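An overview of the molecular structure
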Amino acid sequence: MRRTLLESFAHGPLTEAAPPPDRAGLAELAQSVERAARAKLGRSLSIRQVDAGSCNGCELEIHALNNAFYDLERLGLHFVASPRHADVLMVTGPVTKNMREALERTYNATPDPKWVIAVGGCAADGGVFAGSYAVAGGVKDVVPVDLTIPGCPPSPKALLAGLLALLQTAS
Amino acid sequence: MIKPRSNVTAEGWGQAIDRLANGSLTLLALWGDAPNVHMATLDEAAGDIAVLTYACVDGTYPSVGAKHPPALRPERAIRDLYGLEAAGSPDTRPWLDLGFWDVRHPLATKEPAQKPGAYAFLPVEGESLHQIPVGPVHAGIIEPGHFRFAANGEHVVRLEQRLGYVHKGIESLMTGATLETAAKLAGRTSGDSTVAYAYAFAQAVEAALQIKAPPRALYLRALMAELERLANHFGDIGAICNDAAFAMMHAQTGILRERVLRAADVCFAHRLMMDAIVPGGVARDLTAEGIALIKALFAEIRRVFPRLIELYDNTASLQDRTVTTGIVKAEYVRRFGAGGYVGRASGRNFDARRNVAYAPYDKLAFEVPLRDEGDVNARVWIRIREAEQSLSLIEQILAVLPAGEIRVDLKTNGKHGEGLGLTEAFRGDVLVWLRIGGDGRIERCHLRDASWFQWPLLETAIEGNIVADFPLCNKSFNCSYSGHDL
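Residues numbered from 1 in each chain as written. Chains lettered and ligands numbered in written order. Predicted model: local features only at pLDDT ≥ 70, side-chain atom pairs only at ≥ 80, totals over all residues.

Re the overall build of chain A
The line we're drawing: In this text, helices come from DSSP runs of H or I with a minimum length of four residues, and strands from runs of E with a minimum of two, each type numbered from the N-terminal end. Remark: residues whose backbone-derived C-beta atoms lie within 7 Å of one another are considered to be in contact.
Helix and strand counts for chain A stand at seven helices and seven strands. Going from the N terminus to the C terminus, chain A shows its helices and strands as α-α-α-β-α-β-β-β-α-β-α-β-β-α. Intrachain contacts of chain A at a sequence separation of at least 6 include 84% that bridge at least 24 residues.

Here you go:
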């Protein structure tokens, strides 16, 4: 264990500079975020991730946000275990009919002010699963969405750029 | 060897059930195709895969699950999707249909849905028992599913799973889809195994159309499959340790995983290598730059990974959590035909890469690690040893990678064709069976994730363990929700 720790000190941090905030995302957010709400949050956001029917590809990349290269927490962003502790819901997947009620209940359990980010092509409009008897649609068809991060799945960098856009607008 | 599909009568169906029950056959898959049901079986001794078809009479077929419990959940799924009844089944509760769809039997009659009754969980009786319902929305960044624990103090008396929350109707979207669209759907059945699914789907299409992918493509497919296995095993080893509050390992293996994904991104233009394998070959060739990158990555892994293995092996507080926790009995993995690290950590000596020996694995040298303790620790060690084997496989592939074409055209000959593909994903074997119509579109495609036969064993593994060890056990299985729910 000592060797691993020593080497970690020796090679310095792997963490990379954060990408610039997503411009398209900023524009989308400007319309949806109220200034009064922004002031309350400061530069810290608690995120609750909800898989509403994804293939789990988006989850893998959201997980990657916590690794040494992206290190989300340095930016004041962190994942929490309960929607009751969250400012932001990151929702992935087409919303399946079997998950619609669970997503609505998670949304309702999140205190105001809150933002919803639809993560990935499926969350945007159902993606390749749109039109199925088992799919209710994109996230916006079930709960109000403030920001959409496209990609299948979006890369950690794209996720970070989207989150920074939110943070910039919300701080 | 994969044998052509055969139609059987009630007698032939019954004989297969008896062989499943006495253990001389392993159930690979059971799926509907109204008015028929199909069953894929594996004869492990002979190495043969067979598909049997039974034509339902009045919408019923003799239940396999009545004598062979691993078939119970597939039968419940067939009933939900097709309305075909397993006559004599002891469990007729719904499985994928949670009562939220507008239609019943969406792949067959599509009748308007009726209001469902309350779901009956299995009864648990006794003094001082309490229930802990968990999910479908869980506390971490994971997929949704419902777990119902019955506990006595800290000890789990029974766990019952209720899945189906991420059911997207993939098999209905497959029906009528072009091969291109269908390949995309197959690659999004379980994102963490996108390569393995695209691989098995391509095998099945090529079998149905009787075409062969070029040799270079075969090797590149295996290269991608091993990169996927490496990335997932690194991620899992760290995540299991993290669930035992050993965050350092998680941080270290997270670095290795990220490096593998970045190499994959440069080599195949996608971090998870989605849509990189296509029917007929692969979508993108590996360049000299890519090969150099993989070699540099390997130098790094070979330098760091042995130290991490040592760290795992020498940390007593970690071993204290993983050794003897969540034991899966050898008898159960055999009966359920559980694949991947779940099976191999409990002594089931099966790996599709070796037992089915699909190209190019028939020409590559590798070992299939095996242990028999069946606990969380054994499942960690299987992953460690398999990661080492993957490194060796990729080095062999790069050494012998043939030159030439990477893709052939798909010629549909205007006839029906059927094919079966089986590949070894990081969590176990993925089976794809499909039928292509004369118009070159998919008529029916069934995808079976390894998780179908691993989820039920998680229920047995947690019995008698403390509730706090459930995340550890669950992570050591890392079953797919999406791959199971379809």
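With respect to the overall build of chain B
Convention followed: C-alpha atoms define the radius of gyration, and 2.2 Å times the number of residues to the power 0.38 defines the globule rule. Buried, partly exposed and exposed are defined by the number of other C-beta atoms within 10 Å of a residue's own C-beta, namely 20 or more, between the two limits, and 12 or fewer respectively, with C-beta atoms placed from the backbone.
For chain B, the count of helices and strands is 16 helices and 16 strands. Against the 2.2 N^0.38 benchmark of 23 Å for 486 residues, chain B shows a C-alpha radius of gyration of 22 Å, consistent with a compact globule. In terms of its C-alpha atoms, chain B occupies a principal-axis envelope of roughly 65 × 60 × 40 Å. Residues classed as buried in chain B amount to 55% of the 486 residues present. Taking all contacts inside chain B whose residues are at least 6 apart in sequence as the whole, residues at least 24 apart take part in 68%.

A closer look at helix H4 (residues 57-64) of chain A
Of all eight residues making up H4 of chain A, eight are buried, and the element is well covered by its neighbours. Of all the residues in H4 of chain A, the buried ones are Gly57, Cys58, Glu59, Leu60, Glu61, Ile62, His63 and Ala64 of chain A.

A few points about the packing of helix H13 (residues 376-400) of chain B against helix H15 (residues 470-477) of chain B
Residues and elements named next belong to chain B. Our working rule: Each axis is a line fitted through C-alpha atoms, taken for helices only over the stretch in contact, and angles between the N-to-C directions span 0 to 180 degrees. Should an angle lie under 35 degrees it is considered roughly parallel, over 145 roughly antiparallel, and from 65 to 115 roughly perpendicular; all remaining angles are considered oblique. Handedness of a crossing follows from how the near helix is turned relative to the far one, being left-handed for an anticlockwise turn of less than a right angle and right-handed for a clockwise one. Side-chain classes are defined by residue name, with Ala, Val, Leu, Ile, Met, Phe, Trp, Tyr, Cys and Pro counting as nonpolar, Asp, Glu, Lys and Arg as charged, and the others, Gly among them, as polar.
Remark: H13 packs on H15, axes separated minimally by 9 Å, with the N-to-C direction vectors making an angle of 30 degrees. With respect to H15, the axis of H13 lies roughly parallel. Viewed along their axes, H13 and H15 form a crossing whose handedness is left-handed. In this structure, H13 contributes Val376, Arg379 and Val380 to the contact, and H15 contributes Leu472, Cys473 and Ser476. For the contact of H13 with H15, the per-class residue count stands at four nonpolar, one polar and one charged.

Thoughts on the sheet that holds strand S1 (residues 6-8) of chain B
Residue and element names in this part refer to chain B. Note the following rule: Here, a strand pair is defined by DSSP locating no fewer than two bridges between the strands.
Judged by pairing direction, the sheet is mixed, and its four strands sit side by side in the order S1-S4-S3-S2 without closing on themselves. The open sheet terminates on both sides in strands that have one partner only, identified here as S1 and strand S2 (26-33). Put simply, the sheet's adjacent strands are angled 25 degrees from each other on average, direction ignored. Here S1 runs beside strand S4 (residues 48-55); their pairing, made up of three bridges, is parallel. By the bridge assignment for S4, Asn7 is matched with Thr53. Contacts between helix H1 (residues 10-22) and the sheet are confined to S1, S2, strand S3 (36-43) and S4, with S4 contributing the most and set at about 135 degrees to the helix. Packing against the sheet, helix H2 (residues 72-82) makes contact with S2 and S3, and its axis sits at approximately 10 degrees to S2.

Digging into the pairing of strand S5 (residues 115-119) of chain A
Residues and elements named next belong to chain A. Summarising burial for S5: five of the five residues are buried, a large majority. The alternating pattern of S5 places Trp115, Ile117 and Val119 and Val116 and Ala118 on opposite faces, both of which are buried. Alignment of strand S3 (residues 88-92) against S5, held across five bridges, turns out to be parallel. The partner of Met90 across the bridge, within S5, is Ile117. With three bridges joining them, S5 and strand S7 (residues 147-149) adopt parallel strand pairing. Within the sheet, the bridge partner assigned to Val119 lies in S7 and is Ile149.

Remarks on the interface of chain A and chain B
With 40 residues of chain A at the interface, the matching set in chain B holds 41 residues. Secondary-structure elements contributing two or more residues to the side of chain A that touches chain B are helix H1 (2-10), strand S1 (45-51), H4 and helix H5 (97-109) of chain A. Of the residues in the side of chain A that touches chain B, the class split is 21 nonpolar, 14 polar and five charged.

Brief notes about the packing of helix H6 (residues 215-243) of chain B against helix H7 (residues 247-268) of chain B
All names here are of chain B. It is the contact of H6 with H7, at a shortest axis distance of 7 Å, that shows an interaxial angle of 160 degrees. Between H6 and H7, the interaxial angle falls into the category roughly antiparallel. In this structure, H6 crosses over H7, and the sense of that crossing is left-handed. Contacts between H6 and H7 pair Met224, Leu227, Leu230, Ala231, Phe234, Gly235, Ile237, Gly238, Ala239, Cys241 and Asn242 from the former with Ala247, Met249, His250, Gln252, Thr253, Gly254, Leu256, Arg257, Val260, Leu261, Ala264 and Phe268 from the latter. Within the contact of H6 with H7, the residues separate by chemical class into 15 nonpolar, seven polar and one charged.

Observations regarding the confidence of the model for chain A
Residue and element names in this part refer to chain A. The criterion, for reference: Per-residue confidence from the predictor is given as pLDDT, running between 0 and 100.
Per-residue pLDDT for chain A averages 86, and the proportion of residues at 70 or more is 87%. At the level of individual helices and strands, chain A shows its lowest average pLDDT in helix H3 (residues 35-41), which scores 48, and its highest in strand S4 (residues 95-96), which scores 97. This stretch, residues 32-38, has a pLDDT under 50; its non-local contacts, to residues over four places away or in other chains, come to nine contacts.

Points about H6 of chain B
Residue and element names in this part refer to chain B. In plain terms, the rule: A helix is expected to span 1.5 Å for every residue after the first.
For H6, with 29 residues, the first-to-last C-alpha span of 42 Å sits near the 42 Å given by 1.5 Å per residue. The buried fraction of H6 is high, at 27 of 29 residues. A positive backbone phi angle near 65 degrees is found at Ala245, which sits one or two residues after H6.

What about the sheet that holds S5 of chain A?
Residues and elements named next belong to chain A. What the five strands build is an open sheet, ordered S2-S1-S3-S5-S7; its pairing is parallel. Taken across any chain shown, the strands that pair with only one partner, and hence form the sheet edges, are strand S2 (77-79) and S7. Averaged over neighbouring strand pairs, the angle between their axes works out to 25 degrees when direction is ignored. Packing against the sheet, H4 makes contact with S1, S3 and S5, and its axis sits at approximately 140 degrees to S3.

Concerning the confidence of the model for chain B
When pLDDT is averaged across chain B, the result is 95; 100% of the residues are at 70 or more. The ipTM assigned to the predicted complex is 0.94, against a pTM of 0.94.

Things to note about the nonpolar core
So the rule is basically this: In these notes, a nonpolar core means any group of buried Ala, Val, Leu, Ile, Met, Phe, Trp, Tyr and Cys residues linked to one another through C-beta atoms within 7 Å.
With 203 residues, the main nonpolar core has Val91 and Ile117 of chain A together with Val432 of chain B as its most contacted residues. Broken down by element, the residue count for this core peaks at 16 residues, all from H6 of chain B. Sequence-distant contacts of Ile117 of chain A, that is, excluding residues within four places in its chain, are made with Val88, Met90, Val91, Asp146, Leu147, Ile149, Gly162 and Leu166 of chain A.

Re unusual backbone geometry
Looking along the chain, the bond that leaves Cys152 of chain A and enters Pro153 of chain A is cis, with omega of -20 degrees. Going from Gly135 of chain B to Pro136 of chain B, the amide bond is cis rather than trans, its omega being 20 degrees. Note that Pro136 of chain B resides in the loop between strand S9 (129-134) and strand S10 (146-152). Backbone geometry at Gln210 of chain B places phi at a positive 55 degrees, although glycine is not the residue there.

What about the environment of Leu72 of chain B?
Residues and elements named next belong to chain B. Among the structural elements, Leu72 can be located in helix H2. For the pair Leu72 and His155, spaced 83 residues apart in the sequence, the C-alpha separation amounts to 27 Å. Setting aside residues no more than four positions away along its own chain, Leu72 makes contact with Gly65, Ser89 and Asp91.

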